[in-house]
Structure formats: structure tokens, C-alpha cells
Amino acid sequence: MRQTIDVIRQWIAHQWTVLKPWMLRQWQRFMPWFLHQWSLFKAWVNRMWHLWTDRDNRWLSLPCTVAALLVLLVSVKSCQGIVYYYTPECKILKLGYPIDEARALATALNHEQIDSLIARGEHDTIAYPIINERYYIADNFDRYLAFHKSDTTDAPLADIVAAVNVGIDLDPQESAEPCDTTMDRLMLVNRFHYLNEHHKPRKLKEFKKIFCYEEQKAAPAVVKAFEAMQKDCKKQTGAQLMVNSAYRSYKQQIGTHKRNPKGYAARAGFSEHQTGFAIDVTSLQHPMRWPFDTSEEGIWMREHCHEYGFILRYPKDRGHIMNYNYEPWHLRYVGKVAARQMHDEDITFDEYYAYYIEPQAKTQRR
Ligand SMILES: [Zn+2]
């Protein structure tokens, strides 16, 4: 403690030695100018007073005062005008944006974004509405505009935000980075986030034999959640959910991908199955993936899996934005809180991660 105080004291002393000469210099520089202005002002006030008190010239003092005030007002106004001319708001206004949009954009964007908006040289109709989108991420502003310009499908703004947030405009070959495994059950593995060959879940537990055709393992929380879900599913629909595939090591994934290079199997390192939090589920009654999709238990599982902490990782009708295939059998365990939120907000895990988790992780790293 004492040492810290000493360090702070020394630091302040040092700063003072630097600051003192600087203050002196400024004093010497501005004092004559200031004194000069002051004497001018005093002389002017004196003169006015003289005129006012001088009975012969009293008629002159009023117009003089009014004229002086007018000059003052005009110069203040023109100063304001000149200053405004150089503000971001005015620069955006000159591109043809309405005043309220220009004002909002100038407040919401940082310097670089404003510069790039001005460099576009024209009024971009989505610039303003996009910053009011529910899942707008400030860092992605330029990319939203660029993606919208290149998009030929006339996608709604919400889809543009979602697509860019999950990196559809980026090249996975160039932008892929290691998965942040400290996120545990919320770790993101996709085309842009990979696991290395050494990554293995901290703990794995076997599913009971009656729930799988061959030995399957997953993180203990996943096994527990699956058992609770299948129990309720059986009660509601009479069908028995089965785990087709769960944890797959990096090595196993190499084999899976080789057998199915263009289909649903991801490249080794890019498969969620390596996390131990993903399972492929069908039922004893509908062991094939596609009839399972429309079976009673398949529909029940889609509607209720979030109650047990699972999400349907690759839902229908989002694939075109997210660039993946619909997989009604692939569940991902994220815990009940996150699963409920994604379910209620109707967003995929990639969107959830981009909006709720990544910005936080970034600020923590800074
Ligand atoms: Zn799967």
C-alpha cells in the first residue's frame, strides 16, 4: 500500500515538472493578447458610457449600442455556421440524407464509419434503418451496406443483419479462427470457428444402452438433459427417442467427412460433435432422419427441446441466410437459459453468439 502511494506521489511530481513549464509558456504566449483585448473592450465600454452620460450626444449612444450588439450576434452566428459546416452531421446532410437521419447517423457512427459513408458519395437508403435493427452490431455497419448492395435477392433488413452478423459475406478460408473453448457449453463451432485435433471435452459420459444402437458418449449435462427429454417425449407421444451420434473425436470426424464429403458431415475440426455438446436424434419408430422430421415425436422434440437446454442447431427456413442445410435431427446443448432465449427470440445459435456473446468476449479480451 505504502509503495503504491509512493509511486503515485512520484508520478504526480513528475507530471508537475512537465506541466509547469508548459503552463508558463502558455501564460507568456496568451497573456499579452488577452490584456490587449481587455483594454480594447474597456475602452469601448468607456466610450459608450461617455456617450450615454454626455447630454449632447445621448441620441448617438443607443444606435451605437444596438449596432455593436448586432455585429456581435452576426459574428457568433457565422462562427456557428462555419463550425457546423465541418461537423459530420452537415457532411452527411450534403449527401442527401434528411436532417433527422443525418443527425442519428452522426451520433451512432464512429469517425471511420462516417468517413466511409461520406466516401460512398450518395444517399444509401438502408444506412439509417439498419442502425435501428434489433440485432444491429455497430462494428458491422460498413459490411451491412456492402452486403445489401451486392445482394440481389432483395432480402429484408433483418435478414441482412443476421447474415452479416454470422459472417456470410466473409470467406471461411480467410476468416476462420480457433474456437473459444472457455465458453464451455456456449462454445461456437461453425465454418468460421474450429477446434484443433487435440481438443477433447473435459468429461464424457455414456448414454444408457437402450437409447442408442452403438456406444455413444457426450458431456454429462447432455446425457442428463436427453434422458429427461426422452422420458417426457415418450409420455406425450409414445415414441422412444434414440441417439444416433454424439461425441465424435477429430480423428473420427476425418472418417465421417470422407464418407460424406458434400453432405451434412463437416470437415474435421469444424464439427460440433467434437465439443461433446451435440447429438443426432431420431426415434425407434422413425429411425431414418427424414420421416422423423414430420413424425409426431420429431415435431414434439422441435417444439420442446429448449425446455431441456437443447436447440435445433440448423433450423428450417434460416439456411439460406446462414448458409447451411436443415438438420431436424441435430441438437445442440447450450443450457436452459440460452436455449429459452434463442427459442423466444427465434434466432439461431450463430446469431445469438454474434450478438450476445462475442462483443462481451471482445471487451473482456481488450
Ligand atoms: Zn449432427
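A. Structural detail: the overall build of the protein. Within the protein, the secondary structure is distributed over 16 helices and eight strands. Relative to the compact-globule value of 21 Å for 366 residues, the protein shows a C-alpha radius of gyration of 33 Å, a clear excess of over 25%. When its C-alpha atoms are laid out on the principal axes, the protein stretches across 115 × 60 × 40 Å. A total of 366 residues make up the protein; the buried ones form 28% of that total. Within the protein, residue pairs in contact and separated by at least 24 positions form 58% of the contacts whose partners lie at least 6 positions apart.

B. Representation of unusual backbone geometry within the structure. Phi is positive for aspartate 184, close to 55°, though the residue is something other than glycine. Within the secondary structure layout, aspartate 184 lies in the loop between strand 1 (177-178) and strand 2 (193-194). Taking the C-beta count within 10 Å as the criterion, aspartate 184 has 15 such neighbours and is therefore assigned partly exposed. The phi angle at aspartate 346 is positive, at roughly 55°, despite the residue not being glycine. With respect to the helices, strands and loops of the structure, aspartate 346 is situated in the loop between helix 15 (336-345) and helix 16 (349-365).

Each value, and the rule that gives it
- Residues numbered from 1 in each chain as written.
- Predicted model: local features only at pLDDT ≥ 70, side-chain atom pairs only at ≥ 80, totals over all residues.
- Helix = DSSP H or I, 4+ residues; strand = E, 2+ residues; numbered from the N terminus.
- Rg over C-alpha atoms; globule rule 2.2 N^0.38 Å.
- Buried ≥ 20, exposed ≤ 12 C-beta atoms within 10 Å, placed from the backbone.
- Contact = placed C-beta atoms within 7 Å.

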